[in-house]
Amino acid sequence: MSVRVERLSKQFAGAVAVSDASFAAPSGAITTLLGPSGSGKTTLLRLIAGLEVPDEGSVFLDGHECTGVPVQKRGVGFVFQGHALFEHLSVRENVAFGLRVRRFPAREIGERVDELLELVQLRDHGRRQPAQLSGGQRQRVAFARALATRPRVLLLDEPFGSLDARVRIELRAWLRRLHDKTQLTTVLVTHDQEEALELSQHVVVLHAGRVEQSGSPLEIYDHPASRFVASFVGEANVLHGHIRDGRASVGPHTLSAPAGVREGATVHAFVRPHDVQIAHARGVGPPLAGAVVEDLSRVGGSVKIALRLDSGERLAIRMAKGGFDGLRLARGDRVQVELKGAKVFVEEGIGT
Amino acid sequence: MNASSPSARHSLPPALREPVLVRAALIAVGLAFLALFVLVPVAAVFTQALEKGSLAYLRAVLQPEVRAAMWLTLLCAAVAVPLNVAFGVAAAWAIARYEFPGKQLLNALIDLPFSVSPVISGLSLTLLFGAQGFFGPWLAAHGLKVVFAVPGIVLATTFVTFPFVAKEVLPVLQAQNADQEEAALTLGARGWQVFLRVTLPRIKWAVLYGVILCNARAMGEFGAVSVVSGHIRGRTNTLPLQVEILYNEYDFAGAFAVASMLTLLALVTLAAKKLLALRAREVRP
């Protein structure tokens with residue numbers, strides 16, 4: 001079932017949380033709402049669930065408007081960041097809660113709870129209290145509880161946000177498998193771009209309550225629609241330059257620029273750390289930018305290299321260990337730098 | 001995790017431990033104070049009550065006036081406690097969960113019966129419901145009697161005891177965020193189901209604790225009840241008022257016998273409170 005929101009706006013005591021936001025989450029896919037804290041992503045999710053009422057705009061579930069439908073009748077499953085398990089109930093009773101309040105027959109409840117505990121691999125933990133579980137187990141109970149009433153949409157509010165890094169990565173893979181099994185339309189809120197790019201088929205980038213870009217993870221990463229998206233999603237270096245003869249001139253590099261830009265306008269070139277090629281400064285080749293190696297650090301299988309360009313700007317690059325070993329670089333070496341790819345944004349307004 | 005286990009919680013870091021002498025002195029002062037102001041008076045009540053023998057004691061507590069006072073006291077508690085549970089939980093819920101105009105005022109008003117002398121509470125009821133009071137003529141026209149009658153006593157008791165439940169429940173509700181309740185909503189629970197299945201279990205111990213305190217005060221209240229009672233023997237005297245009457249009549253054995261019953265009720269309440277506290281700690285470590 002698809003989720004669509006149109007022109008949603010929500011303020012809290014005068015502070016804008018969501019502003020004129022529209023997007024669609026495709027049926028059967030995981031859609032991520034990605035943004036920094038305060039970007040309105042959680043509010044947007046709560047608006048979809050019906051936990052908040054929008055000031056303006058509409059929510060559509062499966063093509064039907066449900067803006068005024070109370071949360072109980074929307075058929076959504078919600079997983080909270082802090083798991084929000086009922087501390088006074090056992091794991092089984094937590095999972096059974098939604099079925100009990102809907103007065104399902106006891107036998108059916110028992111079967112469904114068994115099925116779900118199996119699904120979240122907690123079959124032997126039914127009699128425990130939430131306080132006796134680890135953080136990852138609690139969050140899995142929260143998933144089982146949300147799935148028990150067979151929701152049409154699963155809404156996840158930073159479900160792994162309060163867990164430590166290793167558990168988070170494990171649960172990410174687990175959620176991926178769970179989704180492969182259930183094929184449930186899922187909307188996931190996160191500020192973790194890695195989580196967004198890894199888990200979802202569709203990403204909506206939010207900034208200050210507005211939708212900045214909506215598309216596949218690759219589109220977002222390779223073709224960011226704004227400076228904010230380019231800097232927020234993935235690591236990026238920013239180099240500054242100007243428009244000269246209709247092209248972006250950044251140091252000794254000349255990059256293509258959007259058509260129709262004003263001569264002299266300021267440009268910001270976003271360069272991914274792996275889109276830079278470096279070579280020792282000995283060879284004579286095309287006009288490359290000169291730079292000095294300021295720092296080197298090995299991180300697992302790759303190497304981070306911090307460069308200072310002759311223009312004074314800094315560039316952080318990353319390369320595989322194999323390629324690095326061939327270069328025999330040391331701190332203080334002079335190198336030449338070539339940009340393999342860059343995304344150019346032209347600043348609107350008066351250039352220098 | 002293990003650092004917060006019960007045994008570790010009681011041992012202070014060495015830097016905070018006092019010398020043995022200081023500790024002994026502090027404990028001695030505490031115990032002496034307790035003995036002087038609590039144990040000795042309570043013991044005195046029971047000794048005085050039983051001074052003329054157990055037969056006299058039984059006769060004193062079984063006389064019709066005392067039995068009537070006992071029933072009235074229990075009636076007051078039986079009305080005031082449920083009313084204040086309902087009001088206290090509702091008020092605490094509203095203050096903890098909602099923003100509304102007058103919230104600060106409500107919060108301050110809950111404390112009013114604590115901060116105002118009970119005598120003034122009683123007088124205000126007389127001003128409202130007495131023969132010359134605001135509602136007096138209307139009540140008289142309908143043949144209703146509030147002041148110097150049972151309804152007035154129940155009202156006064158309810159008024160002076162209304163903060164107890166609210167004051168116990170409010171901090172517990174404020175310390176919890178609403179996410180379990182929201183989770184219940186997303187799972188399809190209606191408002192009353194959320195309250196009965198999620199909210200109430202979480203504040204259960206606070207409510208019970210409030211009930212016990214409220215009950216203790218309801219049975220022991222003197223000042224406000226004294227003003228509205230009219231002291232009609234066998235009809236509008238509660239146990240505390242009965243004690244005063246007997247005492248003023250130099251029936252010391254009778255006065256202390258009735259007082260000992262009140263004290264027993266208080267001790268039972270105290271024991272129940274202690275039990276609840278232990279049980280609550282077991283459930284929520």
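Residues numbered from 1 in each chain as written. Chains lettered and ligands numbered in written order. Predicted model: local features only at pLDDT ≥ 70, side-chain atom pairs only at ≥ 80, totals over all residues. Heavy atoms only, no water.

Peer 1: Talk me through the pattern of salt bridges; I want residue IDs and the actual numbers.
Peer 2: Residues and elements named next belong to chain A. Across all of its chains, the model carries 28 salt bridges over all chains by this definition. Of the charged contacts, one joins R308 and E294 as a salt bridge, the two residues approaching to 3.2 Å between their closest N and O atoms. Linking R308 in strand β17 (residues 302-309) with E294 in strand β16 (residues 289-299), this pair joins segments that are 14 residues apart in sequence. In this structure E294 comes out as partly exposed when scored by relative accessible area, which is 29%. The residue R331 makes a salt bridge to D295 at a minimum N-O spacing of 2.9 Å. In this pair, R331 is assigned in the loop between α9 (321-327) and β19 (334-339) and D295 in strand β16, connecting sequence segments 36 residues apart. On the basis of relative accessibility, which here comes to 58%, the residue R331 falls in the exposed class. Where salt bridges share partners, they join R172, D192, E194, E195 and E198 into one cluster. (Salt bridge = Lys/Arg side-chain N within 4 Å of Asp/Glu carboxyl O. Helix = DSSP H or I, 4+ residues; strand = E, 2+ residues; numbered from the N terminus. Buried < 20%, exposed > 50% of the residue type's maximum accessible area, 1.4 Å probe, protein only.)

Peer 1: Now, about the nonpolar core: what can you tell me, with residues and values included?
Peer 2: A general tendency of soluble globular proteins is for nonpolar side chains to be buried together. Membership of the largest hydrophobic core comes to 39 residues, with the highest contact counts inside it found for L44, F97 and L155 of chain A. Sort the elements by how many residues they give to this core and helix α1 (residues 41-49) of chain A lands first, with 5 residues. In this view, F97 of chain A contacts F86 and L89 of chain A together with A184, L187, A189, R197 and V198 of chain B; residues no more than four positions away in its chain are not counted. (Core = buried A, V, L, I, M, F, W, Y, C linked by side-chain atoms within 4.5 Å. Contact = heavy atoms within 4.5 Å.)

Peer 1: Account for the side chain of R172 of chain A, with residues named and values stated.
Peer 2: Along the chain, the position of R172 of chain A falls in helix α5 (residues 165-182). Those residues in contact with R172 of chain A, other than ones at most four positions away along the chain, are F160, D192, E194, E195, E198 and L199 of chain A.

Peer 1: Got a sec to walk through the domain arrangement of chain B? Specific residues and values, please.
Peer 2: All names here are of chain B. You can read the domains of chain B as domain 1 (16-49) and domain 2 (62-283). Each of domain 1 and domain 2 has a C-alpha centre, and the two are 31 Å apart. On the side of domain 2, 7 residues touch domain 1, which itself brings 5 residues to the contact. Buried area between domain 1 and domain 2, both sides added, is near 530 Å², and the carbon and sulfur share of it is 85%. If you look at where domain 1 meets domain 2, you find 0 salt bridges. Our count for the domain 1 to domain 2 interface comes out at 0 residue pairs in polar contact (both at pLDDT 80 or more). (Domains from an automatic or database assignment. Buried area = accessible area lost by both parts, 1.4 Å probe. Polar contact = N/O pair within 3.5 Å; in protein donor to acceptor, adjacent residues only side chain to side chain.)

Peer 1: Describe in detail the domain arrangement of chain A, supporting the description with residues and values.
Peer 2: Residues and elements named next belong to chain A. Domain assignment breaks chain A into domain 1 (3-231) and domain 2 (237-346). Once you take the C-alpha centre of each, domain 1 and domain 2 turn out to be 39 Å apart. If you look at the interface, domain 1 gives 7 residues, while domain 2 gives 6 residues. Together domain 1 and domain 2 conceal approximately 690 Å² of surface at their shared face, both sides included; 59% is due to carbon and sulfur atoms. In terms of surface lost to domain 2, no three residues of domain 1 exceed Y221, R227 and A230, which account for 70% of the buried area on that side. In this structure, the connection of domain 1 to domain 2 is made through 0 salt bridges. The leading source of residues in the side of domain 1 that touches domain 2 is helix α8 (residues 227-232), at 3 residues. Here the residues of the side of domain 1 that touches domain 2 are counted per class, giving 4 nonpolar, 2 polar and 1 charged. (Nonpolar A, V, L, I, M, F, W, Y, C, P; charged D, E, K, R; others polar.)

Peer 1: Any chance you could break down the confidence of the model for chain B for me, citing the residues and the numbers?
Peer 2: All names here are of chain B. Per-residue confidence for chain B gives a mean pLDDT of 86, with 94% of residues at or over 70. Mean pLDDT across the elements of chain B ranges from a minimum in helix α1 (residues 6-10), with 49, to a maximum in helix α11 (residues 179-186), with 93. Interface confidence in the predicted complex, given as ipTM, is 0.83; pTM for the same model is 0.79. (pLDDT = per-residue confidence, 0-100.)

Peer 1: So what's going on with a nonpolar patch on the surface? Residues and values would help.
Peer 2: Residues and elements named next belong to chain B. Among the surface-exposed residues, I27, L31, F33, L34, L36, F37, V38 and L39 lie close enough to one another that they form a single nonpolar patch of about 850 Å² accessible area. Locating L39 in the fold gives a position in helix α2 (residues 20-49). By relative accessible area, which is 53% here, L39 ends up exposed. (Patch = residues over 30% accessible without salt bridge, like charges linked within 9 Å, V, L, I, M, F, W, Y side chains within 5 Å. Areas by Shrake-Rupley, 256 points an atom, 1.4 Å probe, with all protein chains shown as cover.)

Peer 1: Outline the state of the cysteines, supporting the account with residue identities and numerical values.
Peer 2: In the structure shown here, the tally under the stated rule is 0 disulfides over all chains. With no disulfide of its own, C76 of chain B lies 11 Å from the sulfur of C214 of chain B, the closest cysteine sulfur. (Disulfide = S-S within 2.5 Å.)

Peer 1: If you had to explain the sheet that holds strand β1 (residues 3-12) of chain A to someone new, which residues and values would you point to?
Peer 2: Paired through their backbone hydrogen bonds, the strands of a sheet run either parallel or antiparallel. Residues and elements named next belong to chain A. If you walk across this open sheet you meet the 4 strands as β2-β1-β4-β5, and the pairing is antiparallel. Bordering the open sheet on either side are β2 (15-25) and β5 (64-65), each of which pairs with just one other strand. Summarising the sheet, β1 and strand β4 (residues 56-61) pair through 5 bridges and their orientation is antiparallel. Of the residues in β4, the one forming a bridge with V3 is L61. (Pairing = 2+ DSSP bridges.)

Peer 1: Kindly report on the interface of chain A and chain B, identifying the contributing residues and their values.
Peer 2: As a measure of interface size, the accessible area lost when the parts come together is often cited. Chain A puts 21 residues into the contact, and the matching count from chain B is 18 residues. Summed over both sides, the interface of chain A with chain B buries roughly 1,800 Å², with 61% coming from carbon and sulfur. Put simply, chain A and chain B have 1 salt bridge between them. E182 of chain B is the salt-bridge partner of R46 of chain A, the closest N and O atoms lying 2.5 Å from each other. The interface formed by chain A and chain B contains 6 residue pairs in polar contact (both at pLDDT 80 or more). Contributions of two or more residues to the side of chain A that touches chain B are made by β6 (76-79), α2 (91-101) and α4 (135-147) of chain A. Of the residues forming the side of chain A that touches chain B, the biggest block, 4 residues, is contributed by α2 of chain A. In terms of residue class, the side of chain A that touches chain B is made up of 11 nonpolar, 4 polar and 6 charged.

Peer 1: So, the packing of helix α9 (residues 150-161) of chain B against helix α12 (residues 191-220) of chain B: which residues are in play, and what are the values?
Peer 2: Residue and element names in this part refer to chain B. One can describe the packing of α9 onto α12 by two numbers: an axis separation of 9 Å at closest approach and a directional angle of 140 degrees. The orientation of α9 relative to α12 falls into the category oblique. As for how α9 packs across α12, the hand of that crossing is right-handed. Facing α9, whose interface residues are T157, V160 and T161, α12 presents C214, R217 and A218. When its residues are assigned to classes, the contact of α9 with α12 shows 3 nonpolar, 2 polar and 1 charged. (Axes fitted to C-alpha atoms, helices over the stretch in contact; angles between N-to-C directions. Parallel < 35°, antiparallel > 145°, perpendicular 65-115°, else oblique. Left-handed = near helix turned anticlockwise from the far one by under 90°.)

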